Amino acid sequence: MAMLFTSKGTCSVLLTYMVFLLHVCNGFYLPGSYMHTYSTGEEIFAKVNSLTSIETELPFSYYSLPYCLPSGGIKKSAENLGELLMGDQIDNSPYRFRMNINESVFLCTAHPLSEHEVKLLKQRTRDLYQVNMILDNLPAMRFANQNGVIIQWTGFPVGFTPPNSDNDYIINHVKFRVFVHEYEGTGVQILGTGEEGMGVISTADDKKNSSGYEIVGFEVFPCSVKYEPEKMAKLHKYDEVPSLNCPLELEKSQIIREQEKISFTYEVEFVKSNVRWPSRWDAYLKMDGARVHWFSILNSLMVIFFLAGIVFVIFLRTVRRDLTRYEELDKESQAQMNEELSGWKLVVGDVFREPNNSKLLCVMIGDGVQITGMAVVTIIFAAFGFMSPASRGMLLTGMIVLYLFLGTAAGYAGIYLWRTIKGTSEGWRSVSWSIAFFFPGIVFIILTALNFILWGSNSTGAIPISLYFILLALLFCISVPLTLLGGYLGTRAEPIQYPVRTNQIAREIPAQKYPSWLLVIGAGILPFGTLFIELFFILSSIWLGRFYYVFGFLLVVLLLLVVVCAEVSVVLTYMHLCVEDWQWWWKAFYASGSVSLYVFLYSMKYLLFDLKSLSGPVSAILYLGYALITATAIMLSTGTIGFITSFYFVHYLFSSVKID
């Protein structure tokens, strides 16, 4: 009876759920947040994010400057792990909007500026700091004319410094233009805000009750206006003030100096738009240079076909021919041929000899599998729109979560290789612990050093102590146990059996004409050629405050990079075996892993020649620290791809050799 009752209850729930889906599924939108419709006159309050600058890359709190405070005090919005690590600090603000009501209002008059506040405002102005405002999860957009070219920016400057002048002027009047789209519902309405990730589904009896206005655009036009303190002192918050045009004369702009009373005002204009809510982020995510992305992909394909041709020649013309000739000989001829063998066939008794620092190799391969899996899954999800910029910090949060849960794959891969090399599971716990802490330890050391610098600068980019404990708790409670579990599963798996026996005495490696490390480092140029164009766009999005959302191109480039790394490592491994160099293990890893060296050097070039606005040693140290973390992750990932491919290539190559 109980089973029958449960079955009927389950069927009832499923039936209700299907009816509900049929009722609401008129459309489907992946990226971003839930739609929120507003009625005429409904109040909407903007939010403010950290002040940011492409000059210093040090974010600061919006209320670190003498701006108007909200009536109920400063309240922080819910921040996820990614937002905290990126230095975002989203607070409420006093900027009030009333749907479809155009108005020009007074906000507040600040107290007379102190010497410290004047110094801080001047410094933030000259460092080109931007005020970042958010309305209904849309950042404020500004268009600037630079040398006849319209440039799109998010946010507006704290102030400006006229050419050939020592005076600085503050932006104290802002014109907002809010684009709205009239929405008529179909009986079901989805309400909520994206950054909190909340949604309320309500049914309406008629079309009228579910209609409203959606915010589909948010533009800002900053001004500096000098007001008369006596007149402004009589006004209260949200009192109406006359609409004005931005003054062109500096005498009518608000200068930054001691004892100056600065009044803040703003205007709001609502404009009807045909842009629908699912398309409102298109203006932010629009990126020029699609032809450049296609050129990068075609360039990578040419490199792949070139290397594929070399691999094809190795397999069909060299390896297959030699093996066929060898197998067709009788035993007497084989014995005679064994004495005349040359090249890779001579190292048959040493090719699977345990490499130097085999434990470190297993640890790096384990971490490489973990990082590669994280990158592939993250980019696939982003390419399909599951990680939209509308959900701030979601990309970084997703990467961290994926890395933690891929600890099982890291432990399994590292211990599986350890068993294959050693022939026993002894010492697997030590290797598993090393896998769990190797890459996170490097990141922790670098971030701690950078954090001391950020703490000294009072930047919101500094990681709070509480977040340190959260990250350590996640590492010890999720990643470490899963890595140990993966290691245990690796001990239970059947290791790969070598196709040939290893001699007791190691064969002497002949002297080489050129040092092998030179060839290994040079091999990294080919994988770097497949990604350097995409790397430029990624660096620009990180350090110049631009959106990067061409994850489809990035996914294609990632797949091409995997193929190139595999081919480069195979070709280089074969070349080393042909000159009787049987120590191929680390060379196979660094043949493709050396691409990280070129990524780091390109990052230095970008810092010196493309990121000219970056100023100060603190900013440069931060940039170098993050570039070092990125290069280390790329080395582990690409090196793992090359090593695994080379290992199976060597195993296949010598599995066909019948030499005792």
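A few points on the structure. Along each chain, residues carry numbers from 1 onward, in the same order as the chain's sequence is written. pLDDT decides what is reported in this predicted model: residues at 70 or higher carry local features, side-chain atom pairs at 80 or more are listed and counted, and totals for whole chains, interfaces and linings draw on all residues regardless. Side-chain calculation: all heavy atoms of the structure are included, whereas hydrogens and water are not.

1. Thoughts on the overall build of the protein chain
Numbering goes from the N terminus for both helices and strands, where a helix is a DSSP run of H or I of at least four residues and a strand is a run of E of at least two. Across its full length, the protein chain holds 18 helices and 16 strands. Relative accessible area decides the class of each residue, using a 1.4 Å probe on protein chains only: under 20% of the type maximum gives buried, over 50% gives exposed, and in between gives partly exposed. Buried residues in the protein chain amount to 50% of all 660 residues. In what follows, residue pairs with any heavy atoms lying within 4.5 Å of each other are defined as contacts. The long-range share in the protein chain, meaning contacts at least 24 apart out of those at least 6 apart in sequence, stands at 84%. Surface accessibility of the protein chain: about 32,900 Å² in total, with carbon and sulfur atoms responsible for 63%. Computed with the Shrake-Rupley method and a 1.4 Å probe, the accessible areas treat only the protein chains shown as cover for residues.

2. Digging into helix H3 (residues 115-126)
To estimate how far a helix should extend, the number of its residues minus one is multiplied by 1.5 Å. Here H3 is twelve residues long and its end C-alpha atoms lie 17 Å apart, about the 16 Å a rise of 1.5 Å per residue gives. Along H3, the positions that sit buried rather than exposed are Glu 117, Val 118, Leu 120, Leu 121, Arg 124 and Thr 125. For H3, the angular spread of the buried residues around the axis is 165°, confining them to a single face. Those residues of H3 that are exposed and angled more than 90 degrees off the buried face are Glu 115, His 116 and Lys 119. Where H3 is buried, its residues contact strand S10 (159-160) and strand S11 (169-170). With its phi angle positive at about 60°, Leu 128 sits one or two positions after the end of H3. Read the arc as the range of directions from the helix axis to the C-beta atoms.

3. Quick look at the sheet that holds strand S2 (residues 91-98)
Criterion used throughout: strands pair if DSSP finds at least two bridges between them. The strand order across the open sheet built from four strands is S2-S1-S5-S6, with neighbouring strands paired in antiparallel fashion. Whereas interior strands pair on both sides, the edge strands pair on one side only; in this sheet they are S2 and strand S6 (138-139).

4. Regarding the packing of helix H10 (residues 407-422) against helix H11 (residues 428-456)
Two elements in contact, H10 and H11, have axes whose closest approach is 10 Å; the angle formed by their N-to-C orientations is 140°. The angle between H10 and H11 places the two elements in the oblique class. At the point where H10 passes H11, the crossing takes the right-handed sense. Residue-level inspection shows Ala 410, Gly 411, Gly 414, Ile 415 and Trp 418 of H10 in contact with H11, the latter providing Trp 428, Val 431, Ser 432 and Ile 435. A class-by-class count of the residues in the contact of H10 with H11 yields six nonpolar, three polar and no charged. Axes here refer to lines fitted to C-alpha atoms; in helices the fit is confined to the stretch in contact. Angles between the N-to-C directions go from 0 to 180 degrees. What sets the label is the angle itself: under 35 degrees gives roughly parallel, over 145 gives roughly antiparallel, 65 to 115 gives roughly perpendicular, and the rest give oblique. Should the near helix be turned anticlockwise from the far one by less than a right angle, the crossing is left-handed, and should it be turned clockwise, the crossing is right-handed. Throughout, the ten residues Ala, Val, Leu, Ile, Met, Phe, Trp, Tyr, Cys and Pro are labelled nonpolar, Asp, Glu, Lys and Arg are labelled charged, and all others, Gly among them, are labelled polar.

5. Things to note about the pairing of strand S15 (residues 212-223)
The element S15 is extensively covered by neighbouring structure, given that ten of its twelve residues are classed as buried. Looking at chain direction, strand S12 (residues 173-183) and S15 are connected through eleven bridges and run antiparallel. By the bridge assignment for S15, Phe 176 is matched with Val 220.

6. Regarding the pairing of strand S3 (residues 103-109)
For S3, the tally of buried residues reaches six of seven residues, placing the bulk of the element in the interior. As paired elements, S3 and strand S16 (residues 263-272) share six bridges and run antiparallel to each other. By the bridge assignment, Val 105 is partnered in S16 with Tyr 266.

7. Considerations on the state of the cysteines
Note that a disulfide, as used here, is simply two cysteine sulfur atoms within 2.5 Å. Taken as a whole and judged by the stated rule, the model has two disulfides. Note that Cys 68 is cross-linked by a disulfide to Cys 108, the S-S spacing being 1.8 Å. Its S-S torsion of about -85° marks the bond between Cys 68 and Cys 108 as left-handed, since a negative value means left-handed. Taken as a pair, Cys 68 in the loop between strand S1 (43-48) and helix H2 (81-86) and Cys 108 in strand S3 lie far apart in primary sequence, 40 residues in all. Take Cys 68 and Cys 108: they sit in the same class, and that class is buried. Paired by a disulfide, Cys 223 and Cys 246 hold their sulfur atoms 1.6 Å apart. Remark: Cys 246 occurs in the loop between helix H4 (229-232) and S16 and Cys 223 occurs in strand S15; sequence separation between them is 23 residues.

8. A short note on the side chain of Ser 263
One can find Ser 263 in strand S16. Pairs of N or O atoms within 3.5 Å make up the polar contacts considered here, provided that, within protein, one atom can donate a hydrogen while the other can accept it, and that residues adjacent in sequence are counted only when both atoms are side-chain atoms. A polar side-chain atom of Ser 263 sits 2.9 Å from a polar atom in the side chain of Thr 109. In contact with Ser 263, not counting residues within four places along its chain, are Phe 106, Cys 108, Thr 109, Asn 172, Tyr 227 and Met 232.

9. Focus on the environment of Gly 552
Take Gly 552: it is sitting in helix H15 (residues 551-578). Note: C-alpha distance between Gly 552 and Ile 379 (173 residues apart in sequence) is 8.2 Å.

10. A few points about the environment of Gly 159
On the secondary structure map, Gly 159 appears in strand S10. Separated by ten residues in the primary sequence, Gly 159 and Tyr 169 place their C-alpha atoms 5.4 Å from one another. Residues in contact with Gly 159, not counting those within four places in the same chain, are Thr 125, Tyr 169, Ile 170 and Ile 171.

11. Description of helix H17 (residues 595-610)
Taking 1.5 Å per residue as the helical rise, H17 with its 16 residues ought to reach 22 Å, and the 21 Å between its terminal C-alpha atoms agrees with that figure. Within the sequence span of H17, burial applies to Val 595, Ser 596, Tyr 598, Val 599, Tyr 602, Ser 603, Met 604, Tyr 606 and Leu 607. Contacts from the buried residues of H17 go to helix H13 (516-523), helix H14 (525-543), helix H16 (585-593) and helix H18 (617-655).

12. Quick look at the pattern of salt bridges
Salt bridge, as applied in this entry: a Lys or Arg side-chain nitrogen positioned within 4 Å of an Asp or Glu carboxyl oxygen. The tally for this structure, following the rule as stated, stands at 14 salt bridges. In this structure, Lys 422 engages Glu 354 in a salt bridge whose closest nitrogen and oxygen atoms are separated by 2.8 Å. One end of the pair, Lys 422, is in helix H10; the other, Glu 354, is in the loop between helix H7 (331-339) and helix H8 (358-383), with 68 residues separating them in the sequence. On the basis of relative accessibility, which here comes to 36%, the residue Glu 354 falls in the partly exposed class. Several salt bridges converge on common partners, so that one network encompasses Glu 43, Arg 96, Arg 98 and Glu 103.

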